[in-house]
Amino acid sequence: MFDIIAICILVILAAVIALNYYFCNVFYRARLKQEKANWISWGKPSFQAFYEAQLDDFSPIIFGNECVKLKNKALMKASSDIKFSWYAALILVVTGCGLVGFEANLTSGWAIV
């Protein structure tokens, strides 16, 4: 039973990561078209650079109040979608760890030597 739940959590986590990629693409395109000055002020990042550094260099844009300062509703919506995907991924990882913690009664036959 726990195996089926764990597989479901992994499948949902993979879907959430794919959604995060899609939401980042929507955000990036909207920012590139609607807020060109803001995009240029952050160093004109490519989409790949933006996606890879969304939790590092570009976290003020997504998680901070940079979009609120711009007063762009499309960017605020896209930013909240990205936040939702990261919160969902965090919840799934914590749930998966909790599931493994409750089920981890391994015998010595399962130990890695």
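The rules behind these values
Residues numbered from 1 in each chain as written. Predicted model: local features only at pLDDT ≥ 70, side-chain atom pairs only at ≥ 80, totals over all residues. Heavy atoms only, no water. Helix = DSSP H or I, 4+ residues; strand = E, 2+ residues; numbered from the N terminus. Buried < 20%, exposed > 50% of the residue type's maximum accessible area, 1.4 Å probe, protein only. Contact = heavy atoms within 4.5 Å. Areas by Shrake-Rupley, 256 points an atom, 1.4 Å probe, with all protein chains shown as cover. pLDDT = per-residue confidence, 0-100. Salt bridge = Lys/Arg side-chain N within 4 Å of Asp/Glu carboxyl O. UniProt positions renumbered as here; feature names shortened; annotations may be inferred. Phe/Tyr/Trp six-rings, centres within 6.5 Å; stacked < 30°, edge-to-face > 60°.

Draft legend 1. Looking closely at the overall build of the protein. Scanning the protein from N- to C-terminus turns up six helices and zero strands. Sequence-ordered secondary structure for the protein, helices as α and strands as β, is α-α-α-α-α-α. Out of the 113 residues in the protein, the part that is buried amounts to 31%. Sequence separation of 24 or more characterises 58% of the internal contacts of the protein that already satisfy a separation of 6 or more. Counting every atom, the protein has about 7,700 Å² of accessible surface; 68% of that belongs to carbon and sulfur.

Draft legend 2. Quick peek at the confidence of the model for the protein. Summing up the model confidence of the protein, the mean pLDDT is 84 and the portion of residues at 70 or higher is 87%. Confidence, read as mean pLDDT per element, is least for helix H5 (residues 66–70) in the protein (82) and greatest for helix H3 (residues 47–52) (91).

Draft legend 3. Seen up close, the side chain of Glu 35. Turning to its location among the elements, Glu 35 is positioned in the loop between helix H1 (2–34) and helix H2 (36–41). Not counting the four nearest positions on each side in its chain, Glu 35 is found in contact with Ala 30, Leu 70, Asn 72 and Leu 75.

Draft legend 4. Main features of the pattern of salt bridges. Scanning all chains against the criterion turns up one salt bridge. Residue Lys 77 pairs with Asp 81 through a salt bridge whose shortest N-O separation is 3.2 Å. Of this pair, Lys 77 and Asp 81 both sit in helix H6 (residues 73–103), four residues apart, roughly one helical turn.

Draft legend 5. Quick peek at the UniProt feature "transmembrane region" (unreviewed entry) in the protein. In the UniProt entry, the feature "transmembrane region" (unreviewed entry) is given for residues 6–28 and 84–102. With 100% helix and 0% strand, the stretch residues 6–28 has end C-alpha atoms that lie 33 Å from each other.

Draft legend 6. Local environment of the packing of aromatic side chains. This model, assessed by the stated rule, comprises ten aromatic pairs. A centroid spacing of 5.2 Å and a plane angle of 85° characterise the contact between Tyr 21 and Phe 47, whose relative ring orientation is edge-to-face. Of this pair, Tyr 21 sits in helix H1 while Phe 47 sits in helix H3; the two residues are 26 residues apart in sequence, bridging distant segments of the chain. Of the residues examined, Phe 47 reaches a relative accessible area of 12% and is grouped as buried.

Draft legend 7. Molecular detail of the environment of Tyr 51. Looking at the element boundaries, Tyr 51 is found in helix H3. C-alpha separation for the pair Tyr 51 and Tyr 28, spaced 23 residues apart in sequence, amounts to 8.8 Å. The contact partners of Tyr 51, leaving out residues within four places of it in the chain, are Ile 17, Asn 20, Tyr 21 and Cys 24.

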